[in-house]
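Residues per chain are reported as follows:
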Amino acid sequence: RRFTGAYAAIARALVAGDAKARLARHGYVVLDDAFDVARARALKDEFNALRRRGAFVANASLFAREGVVALAKPHVYECEVHRLSKEDAASAPLVNELANETSVMEALNEAFGALGGGALDRTSTKLQVNEGAGGCFPLHFDSDASLDSRRVTMCAYLDEDWCEARDGGALALYPFPRGRVTIAPKAGRVVIFSSEFGLHRVMPAMRERFMFTVWYFAKEMRAPVKAKPPGVTAEAQMTALLDPALRKHLGKIVLADEWAKSIREAHGESEGVEAALKTHWDEVALISRVLSNNYPLGLELIAKEMERGDGAFDAGVDWFPE
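Think of each chain on its own: its residues are numbered from 1, step by step along the sequence as written. With pLDDT at 70 or above as the cut-off, local features in this predicted model cover only qualifying residues; side-chain atom pairs require 80 or more to be listed or tallied, and sums for whole chains, interfaces and linings still use all residues. Hydrogens and water molecules were not included; the side-chain quantities draw on all heavy atoms of the structure.

Q: Outline the packing of helix 1 (residues 8-15) against helix 2 (residues 17-26), listing residues and values.
A: To get an axis, fit a line to the C-alpha atoms, keeping to the stretch in contact for a helix; angles then go from 0 to 180 degrees between the N-to-C directions. For the purposes of this entry, the term helix denotes a DSSP run of H or I that reaches at least four residues, the term strand denotes a run of E that reaches at least two, and both are numbered from the N terminus. Two numbers describe how helix 1 lies on helix 2: the axes approach to 4 Å, and their chain directions differ by 75 degrees. Between helix 1 and helix 2, the angle falls in the class roughly perpendicular. Together, Ala13, Leu14 and Val15 of helix 1 and Gly17, Ala19, Lys20 and Leu23 of helix 2 make up the contact between the two elements. Of the residues assigned to the contact of helix 1 with helix 2, the class counts are five nonpolar, one polar and one charged. Oblique is the label for any angle not covered by the other classes, which are roughly parallel (under 35 degrees), roughly antiparallel (over 145) and roughly perpendicular (65 to 115). Contacts between residues were defined by any pair of non-hydrogen atoms, one from each residue, lying within 4.5 Å. Classes in brief: Ala, Val, Leu, Ile, Met, Phe, Trp, Tyr, Cys and Pro nonpolar; Asp, Glu, Lys and Arg charged; the others, Gly included, polar.

Q: Got a sec to walk through unusual backbone geometry? Specific residues and values, please.
A: A cis amide bond links Phe176 with the next residue in sequence, Pro177, at an omega value of 20 degrees. If you trace the backbone, Pro177 turns up in the loop between strand 7 (171-174) and strand 8 (181-183). The residue Ala133 is not glycine, and still its phi comes out positive at about 60 degrees. Relative to the helices and strands, Ala133 is located in the loop between strand 4 (120-130) and strand 5 (135-140). On the accessibility criterion, Ala133 (57% relative accessible area) is exposed. The buried label goes to any residue with under 20% of its type's maximum accessible area, the exposed label to any with over 50%, and the partly exposed label to all in between, with areas taken from a 1.4 Å probe on protein chains only.

Q: Can you explain the sheet that holds strand 8? Please cite residues and give values.
A: Whenever strands of a sheet pair, they do so through backbone hydrogen bonds, lying parallel or antiparallel. Spatial strand order, 5-10-7-8: four strands in an open sheet with antiparallel pairing. Of all the strands in the sheet, just strand 5 and strand 8 have a single pairing partner and so form its edges. On average, adjacent strands in this sheet sit at an angle of 25 degrees to one another, irrespective of strand direction. In the packing of helix 10 (residues 256-267) onto the sheet, the strands contacted are strand 5, strand 7 and strand 10 (199-205), and the crossing angle to strand 5 comes to about 150 degrees. The pairing criterion for strands is at least two bridges between them, as found by DSSP.

Q: Before we move on, can you summarise the pattern of salt bridges with the specific residues and values?
A: Salt bridges are defined as contacts in which a side-chain nitrogen from Lys or Arg sits within 4 Å of a carboxyl oxygen from Asp or Glu. Following the criterion strictly, the structure yields 23 salt bridges and no others. Its salt-bridge partner being Arg201, residue Glu265 comes within 2.9 Å of it at the nearest N-O pair. Highlighted residues: Glu265 in helix 10 and Arg201 in strand 10, separated in sequence by 64 residues. You can call Glu265 partly exposed: its relative accessible area is 33%. The class for Arg201 is buried, based on a relative accessible area of 2%. Connected through salt bridges with shared partners, the residues Asp32, Lys186 and Arg189 form a single ionic network.

In structure tokens, the structure reads:
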């Protein structure tokens, strides 16, 4: 089919075999030259105009511990497009266009059909400006089936001449059980991944960094995936551990130290960071105890396979369960 509009190149890539296969196989896909540099520059101008109008607010992470605790991320500011006033939206036509763009959602539906909970039917767009000076995000998942119906995340980047070694600010993906992948935020690049199972973070940025995120929602919330019974063999237990229901938890204990470091880097000495770290380590201890008691053979086998490092054992990992 024919896609039109400023982001039609993304839609066309998603219905092509290679990009679709990579997204299904790895849980993410990187598309370069998804939109032109002139558009990236114009969007940055509109972001800055909206900043001057006071449309951006400080970003925060939410942690659940005896209620919800919000931890500020120094140097990171965001703007939810659907919350813009009529006057602000009218002042930023390219930003406003993002809120009404549907070709990528149509392509995702064409490529994957029902993404758990039915076809994708709505989007939400957030603009982000990182001032540099070390601004970053901790490891996190964007969504959980018990919270909302987000299925797909698209991050799009606007900065020219980005040098990861000098500027930092890379998107780090953790497609567990594969290792970490870092992706420089260069202009015209988009990264698409599973909202629910795509573990990721943003590394500390040393220069100003502009990007936007689009989330794609299914019509209905999907029932949370239930854990598979352990089984009696190492292979059966490994299969259960790599199923979506348990893989998120397993990744948290495997990456426990890096996760804790990312919380400290993103929030520094802000109020509540020690409580957030305690919550993290309490969760790691609980997950470790439960999985060790119920899936001991599978844990041993996964450790051996990861040490071998050929990636053969993760061929059946499901990133978009129905």
